[in-house]
Each structure stands twice: as structure tokens, then as C-alpha cells.
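Listed below are the residues making up each chain.
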Amino acid sequence: MPPTLRQLAAQIMQQAGWDLPAPPILWSPRLSRCAGLFVVERKPGRPPQPEIRLSIPLLRRRDRPWPVQACGCLCRDPESLTRRILEHELIHYKLWKEGAKDWGHTEAFRLLAWQAFQHQSITHGIGSDDEL
Ligand SMILES: [Zn+2]
């Protein structure tokens, strides 16, 4: 059995030395604008709920001209591509969890992406598909 997304996220954070619980992560059939997304759901009277969404149309495709780039790293299969995108979204989650006012692509984000995962670029895209 391959690990679930949440197990994979827990593993990634443990390897990075982050002592955080894995957030809910789901596969989205509708997300196609970007490979991954970190969102915080706010409902009245409830604590904010973080969630990571991963794109089925972009990440489950096997018929790409492999390798492809994500986060400035070469990925040779859908599994490593998904891992890279998840690493990126987990950085947003970590910044949010630690109370950052801006958990977007800030200088702190860039530094963490490099130190924890050696990401060379900060995008939500795959290959040259996009410039998000
Ligand atoms: Zn991002």
C-alpha cells in the first residue's frame, strides 16, 4: 500500500524537523489552475480549518514528457511530483500555523523552501504550464 497523503505529509514534516500535525489533504478533481493549494476555511463560530488540495488533473497525469520541473526540481514520475507540490503547500501551512500574517511567497517562505527542501523556485506550476 502506498502511503496516504497525510502519512506522506507527516513524513515530509518529520524529515524537515517540523513538529506539526499533518493538516487534512484532499485530492480535488476540479482544481486545475494550479497543482496544489493551501486554504484556510473560516466558518463563524469555529476555529479556522487549514486544508491542502491537490489537483487530480495535473498530478495524476502519467502521459507527460518526463522529467518535468516543479519547485525548480526535476521530477521523474507522478509520485515525486506530488511530493514536491506537497512540500510546497506544507511550507504555506507551517507559516500559517506559526502565526505568520502573510503565509504567501515571502522571503521567509523562500528561505524555508530552500533550507528544508532545496526548492529552487517558488511556483505552484508544473514545467512551463504556468507562472502562478
Ligand atoms: Zn505557494
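Above: the structure in question.
Residues numbered from 1 in each chain as written. Predicted model: local features only at pLDDT ≥ 70, side-chain atom pairs only at ≥ 80, totals over all residues.

Novice: Explain the overall build of the protein chain to me, please; I cannot follow it from the model alone.
Specialist: Counting secondary structure elements, the protein chain contains four helices and five strands. Compactness check: the protein chain gives a C-alpha radius of gyration of 14 Å against a globular reference of 14 Å for 132 residues, within 12% of the reference. Dimensions of the protein chain, computed from C-alpha atoms along their principal axes, come out at roughly 45 × 30 × 30 Å. The contacts of the protein chain with a sequence gap of at least 6 include a subset with a gap of at least 24, amounting to 51%. (Helix = DSSP H or I, 4+ residues; strand = E, 2+ residues; numbered from the N terminus. Rg over C-alpha atoms; globule rule 2.2 N^0.38 Å. Contact = placed C-beta atoms within 7 Å.)

Novice: Help me understand helix H3 (residues 78–97) in this model?
Specialist: With 20 residues, H3 should reach 28 Å at 1.5 Å per residue; the first-to-last C-alpha distance of 28 Å fits that figure. In terms of residue burial, H3 counts as a mostly covered element, since 14 of its 20 residues are buried. Immediately downstream of H3, the backbone of glycine 99 shows phi near 90 degrees, a positive value. (Expected span 1.5 Å × (residues − 1). Buried ≥ 20, exposed ≤ 12 C-beta atoms within 10 Å, placed from the backbone.)

Novice: Explanation requested: the nonpolar core in the structure shown.
Specialist: One recurring pattern in soluble globular proteins: nonpolar side chains tend to sit buried together. Residues Ala70, Leu81 and Ile85 are the most contacted members of the largest nonpolar core, which totals 24 residues. Those elements giving two or more residues to this core turn out to be helix H1 (5–16), strand S3 (49–55), helix H2 (56–59), strand S4 (68–70), H3 and helix H4 (107–117). Of the residues forming this core, the biggest block, six residues, is contributed by H3. If near-sequence neighbours (up to four positions away) are discounted, alanine 70 is found in contact with Ala35, Cys75, Leu81, Arg84, Ile85 and Ile126. (Core = buried A, V, L, I, M, F, W, Y, C linked by C-beta atoms within 7 Å.)

Novice: Honestly, unusual backbone geometry in this entry has me stumped. Any pointers?
Specialist: As a rule of thumb, non-glycine residues mostly have phi less than zero, and peptide bonds are mostly trans rather than cis. Residue tryptophan 66 is joined to proline 67 through a cis peptide bond whose omega torsion reads -5 degrees. As for its position among the elements, proline 67 is in the loop between H2 and S4. Non-glycine residue cysteine 71 carries a positive phi angle of around 55 degrees. Its location among the elements puts cysteine 71 in the loop between S4 and strand S5 (73–75). The class of cysteine 71 is buried, set by 24 C-beta atoms lying within 10 Å. With a phi angle near 55 degrees, glutamine 118 is a residue other than glycine that sits in the positive phi range.

Novice: Quick question: what am I supposed to make of H1 here?
Specialist: In this model H1 runs 16 Å from its N-terminal to its C-terminal C-alpha over twelve residues, within 8% of the 16 Å that 1.5 Å per residue would give. With its phi angle positive at about 80 degrees, glycine 17 sits one or two positions after the end of H1.

Novice: Help me understand the packing of H3 against H4, please; the structure alone is not making it clear to me.
Specialist: When two helices pack together, their arrangement is given by the angle between the helix axes and by the axis-to-axis distance. Close contact between H3 and H4 brings their axes to 10 Å; oriented N to C, the two are set at 125 degrees. Regarding the angle of H3 to H4, the classification is oblique. Helix-helix and strand crossings are classified by hand; for H3 and H4 the assignment is right-handed. Between H3 and H4, the residues in contact are Glu87, His88, Ile91 and Leu95 and Ala108, Phe109, Leu112, Ala113 and Phe117, respectively. Classifying every residue of the contact of H3 with H4 gives seven nonpolar, one polar and one charged. (Axes fitted to C-alpha atoms, helices over the stretch in contact; angles between N-to-C directions. Parallel < 35°, antiparallel > 145°, perpendicular 65-115°, else oblique. Left-handed = near helix turned anticlockwise from the far one by under 90°. Nonpolar A, V, L, I, M, F, W, Y, C, P; charged D, E, K, R; others polar.)

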